[in-house]
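Coordinate analysis (summary)
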Amino acid sequence: MTVTLIWLIVFALILTLTLRGWDGGLGNFFERKMPAAFKSSRDDRWIWGIALAVLGATFVVKPISMLMTLLLLALIVWGITKLVRWGLAKAH
């Protein structure tokens, strides 16, 4: 119960800070760095705000699990990238 309460408090705090900072640097960062496929015509502040709040709250509550997940995802992306580059080199 305590972990859930901490998660909800951190989630609300991060969501509030994300929504407040969207008109400043955070929104500009997403406008510059996001590919066109991820941008939509509507206001994306709620989608990205909730996603960042979930990730941030989970990282505060279970940091080791999040680090291991990020490490595993990085290794998978690295392996796929190497495999695709090897395949393209063999295709030419």
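The structure reproduced in this document is the subject of the present report.

The secondary structure content of the protein chain amounts to three helices and zero strands. Counted from the first residue to the last, the protein chain has its helices and strands arranged as α-α-α. Over its C-alpha trace the protein chain gives a radius of gyration of 18 Å, far above what one expects of a compact globule, namely 12 Å for 92 residues. Its C-alpha atoms give the protein chain principal-axis dimensions of about 55 × 35 × 20 Å. Residues classed as buried in the protein chain amount to 17% of the 92 residues present. Summarising the internal contacts of the protein chain: among those between residues at least 6 apart in sequence, 59% fall at separations of at least 24.

A pair can form between side chains of opposite charge whenever their charged atoms are brought close. This model, assessed by the stated rule, comprises one salt bridge. Its salt-bridge partner being Arg45, residue Asp23 comes within 2.8 Å of it at the nearest N-O pair. Of this pair, Asp23 sits in helix H1 (residues 2-33) while Arg45 sits in helix H2 (residues 45-61), and the two are 22 residues apart along the sequence. Overall, the relative accessible area of 61% leaves Asp23 in the exposed class.

For the rest of this paragraph, the subject is the packing of aromatic side chains. Inspection of every chain in the model, using the stated rule, returns one aromatic pair. Both rings, one in Trp7 and one in Phe11, keep their centres 5.2 Å apart while their planes meet at 10°; by these two values the pair is stacked. Of this pair, Trp7 and Phe11 both sit in helix H1, separated by four residues, roughly a single helical turn.

Looking now at the nonpolar core. Val10, Phe11, Leu15, Leu19, Ala53 and Ala57 form the largest nonpolar core, which has six residues in total. Elements supplying a minimum of two residues to this core: H1 and H2. Top element by residues in this core is H1. It accounts for four residues. With sequence-adjacent residues up to four places away left out, Leu15 is seen in contact with Gly49, Ile50 and Ala53.

Let's shift gears to H2. The terminal C-alpha atoms of H2 lie 24 Å apart, and with 17 residues this matches the ideal 24 Å at 1.5 Å per residue to within 8%. By the burial criterion, the buried members of H2 are Arg45, Gly49, Ala53, Gly56 and Ala57. All buried residues of H2 fall inside an arc of 95° around its axis, so they share one side. Buried residues along H2 sit against H1.

The subject of this paragraph is the side chain of Thr18. Mapped onto the fold, Thr18 is located in helix H1. Setting aside its immediate chain neighbours within four residues, Thr18 contacts Leu26, Gly49 and Leu52.

What follows is about H1. Compared with the 46 Å implied by 1.5 Å per residue over 32 residues, the 37 Å span of H1 between its first and last C-alpha is markedly short. Packing partners of the buried residues in H1 comprise H2.

Calculation rules
- Residues numbered from 1 in each chain as written.
- Predicted model: local features only at pLDDT ≥ 70, side-chain atom pairs only at ≥ 80, totals over all residues.
- Heavy atoms only, no water.
- Helix = DSSP H or I, 4+ residues; strand = E, 2+ residues; numbered from the N terminus.
- Rg over C-alpha atoms; globule rule 2.2 N^0.38 Å.
- Buried < 20%, exposed > 50% of the residue type's maximum accessible area, 1.4 Å probe, protein only.
- Contact = heavy atoms within 4.5 Å.
- Salt bridge = Lys/Arg side-chain N within 4 Å of Asp/Glu carboxyl O.
- Phe/Tyr/Trp six-rings, centres within 6.5 Å; stacked < 30°, edge-to-face > 60°.
- Core = buried A, V, L, I, M, F, W, Y, C linked by side-chain atoms within 4.5 Å.
- Expected span 1.5 Å × (residues − 1).
- Arc of directions from axis to C-beta.

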